[in-house]
Amino acid sequence: MDKVDWKQLGMYLLLIVFLVFNITFQEVFAKGWGTTFLKPACWFLLTIYAIFIFKTGKIRARNKKDKQQIVIISLMIYFMIYFTSGLIIGYKNSPYAHSIFAIVSNLWKFIPVIIMQEYVRFIMVTHTKKRFWIYAIIVVLFVLLDLNFQSFFTEMGQATSAFKYVSSTILPLIFTNILLVYLDSTCGYRPAMIYRSSFELFYLLVPIFPDTDWFLTGMFQMLLPIVIFINITYIDERADRTLSNRVIKKKKPLYLIPQFFLFIVFVGFVAGFFKYKPIAVLSNSMVPVFSRGDLVIVEKISDKEKNNLKVGTIIEFEHGSATIMHRINRITEDEFGNRLYVTKGDNNNVVDSDKVKPSQVHSVIHHSVPLLGYPSVWLYEIFNKK
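Keep in mind that what you see is a predicted model, and the values were worked out from it rather than measured.

Basis of the calculations
- Residues numbered from 1 in each chain as written.
- Predicted model: local features only at pLDDT ≥ 70, side-chain atom pairs only at ≥ 80, totals over all residues.
- Heavy atoms only, no water.
- Helix = DSSP H or I, 4+ residues; strand = E, 2+ residues; numbered from the N terminus.
- Buried < 20%, exposed > 50% of the residue type's maximum accessible area, 1.4 Å probe, protein only.
- Contact = heavy atoms within 4.5 Å.
- Areas by Shrake-Rupley, 256 points an atom, 1.4 Å probe, with all protein chains shown as cover.
- Pairing = 2+ DSSP bridges.
- Phe/Tyr/Trp six-rings, centres within 6.5 Å; stacked < 30°, edge-to-face > 60°.
- Axes fitted to C-alpha atoms, helices over the stretch in contact; angles between N-to-C directions.

**Q** Hey, could you run me through the overall build of the chain in this one?
**A** Broken down by element type, the chain carries 15 helices and 8 strands. The buried share of the chain, taken over its 386 residues, is 40%. Within the chain, contacts between residues at least 6 apart in sequence are counted, and of these 69% link residues at least 24 apart. Of the roughly 22,600 Å² of accessible surface on the chain, a fraction of 64% belongs to carbon and sulfur atoms.

**Q** Would you explain the pairing of strand 8 (residues 361–369) in this entry?
**A** Strand residues, when the strand is regular, have side chains that alternate between the two faces of the sheet. Taken together, the 6 bridges between strand 4 (residues 295–300) and strand 8 define a ladder with antiparallel strand orientation. Note on strand 8: the bridge partner recorded for Glu299 is Val364. Two strands pair when backbone bridges link them, and strand 5 (residues 314–319) and strand 8 are joined in this way by 3 bridges, in the antiparallel orientation. Paired with Phe317 across the strands is Val361, a residue of strand 8.

**Q** Hey, could you run me through the packing of aromatic side chains in this one?
**A** What describes a pair of aromatic rings is the distance from one ring centre to the other and the angle between the planes of the rings. In this structure the tally under the stated criterion is 24 aromatic pairs. Pairing Tyr78 with Tyr82 gives two aromatic rings, centres 5.9 Å apart and planes at 0 degrees, and the pair type is stacked. One end of the pair, Tyr78, and the other, Tyr82, are both in helix 4 (residues 64–84), 4 residues apart, so they sit about a helical turn from each other. When its relative accessible area of 8% is taken as the criterion, Tyr78 is described as buried. With 5.0 Å between their ring centres and 75 degrees between their planes, Phe122 and Tyr189 make a pair best called edge-to-face. Placement of Phe122 in helix 6 (residues 100–126) and of Tyr189 in helix 10 (residues 189–205) is noted, with a sequence separation of 67 residues between them. Exposure remark for Tyr189: the relative accessible area of 23% places this residue in the partly exposed category.

**Q** When you look at unusual backbone geometry in this model, what are you seeing that I'm missing?
**A** Of all residues except glycine, most have a negative phi; of all peptide bonds, most are trans. Here Val287 and Pro288 are connected by a cis peptide whose omega angle stands at 15 degrees. Counting through the fold element by element, Pro288 comes out in the loop between strand 3 (276–280) and strand 4. Positioned with a positive phi, Leu371 is a non-glycine residue whose angle comes to about 75 degrees. Along the chain, the position of Leu371 falls in the loop between strand 8 and helix 15 (374–383).

**Q** Explanation requested: the sheet that holds strand 4 in the structure shown.
**A** Each strand in a sheet pairs with its neighbour through backbone hydrogen bonds, running either in the same direction (parallel) or in the opposite one (antiparallel). An order of 3-4-8-5-6-7 is seen for the 6 strands of this open sheet, with the pairing classed as antiparallel. Looking along the sheet, the strands with just one partner apiece sit at the ends: strand 3 and strand 7 (339–344). Within this sheet the neighbouring strands show an average axis-to-axis angle of 50 degrees, counted without direction. Relative to strand 6 (residues 322–333), strand 5 runs antiparallel, the two sharing 6 bridges. The residue of strand 6 that forms the bridge with Glu316 is Met325.

Remember that the coordinates give geometry; whether it matters functionally is a separate question.
Here is the structure:
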């Protein structure tokens, strides 16, 4: 039977107590003096405990400098790709103020806390047995400590918002914390501190950000930890002389570049970066052209094209909070001479009750692929049940 490590257990208990206080007094920790003094003070006490109770852990890892360079280079490439994506999807203003006082204040709130968090995590990782379930507990604890519980309880109240919150916030946090535990166990605390500090400095100092939606936000933040993990494991495998040259060549990250490129293109296609975009069909109103569960490829059109559509064109248009795909049945005008479209589903007996303005039109439908849209349809129905 394993002997209980009371020092390590004490660290876990202190983190759990801090987590309970964070949840119980979430409004205090989330703003004002809570973020400026209380939260840094809690992490300062945890760090002092780690320094005086434990000896600084030593990581016997090969190629530490190479791994640290991998983290830095990956971050630089990530920020370049992320920021330039705004040229396609547009930019939005930063939520942070950028006066000297505001920058210094925000740096004080976040950077010292990150450094202390990563040192505490490093101590926990290096003073525990290398077992999967222990690492999993550390990941879960730090994910919970990173969560904004005000947002968590608000977003998890409804199925649709919960799905978006899990995809854009919780899953990226899990991926990031898995990477940070891995970095601590193989490279030491410096790469982990560099990783997290770089994100905070980027968000605090840059005045504008790409206007990404929840889907792209989640994809961006989950892809980077995967890329760094693959490159660091490759360095270890390359240094292991027991591997053959053929295996090393096969695992070389360079060979993964086309796959990551295709993945990014696929994400951009699904998110609507390009002129064409896939959409799942939710109803049978256009049978036999396409049916519920089919996947249609739509083409975005310009404002000029929206005003010159012809009878017989199948259009995707906005109707209240819904998106409809019906065929233009005839063209008419309002009292001011503005063009209006009368639409009808091929499987419906009557035309739609409301006429469609050109400004409501999003795109035109070109092709359909049977059945491929069913996963999206099922998810939609699950998260929109009353």
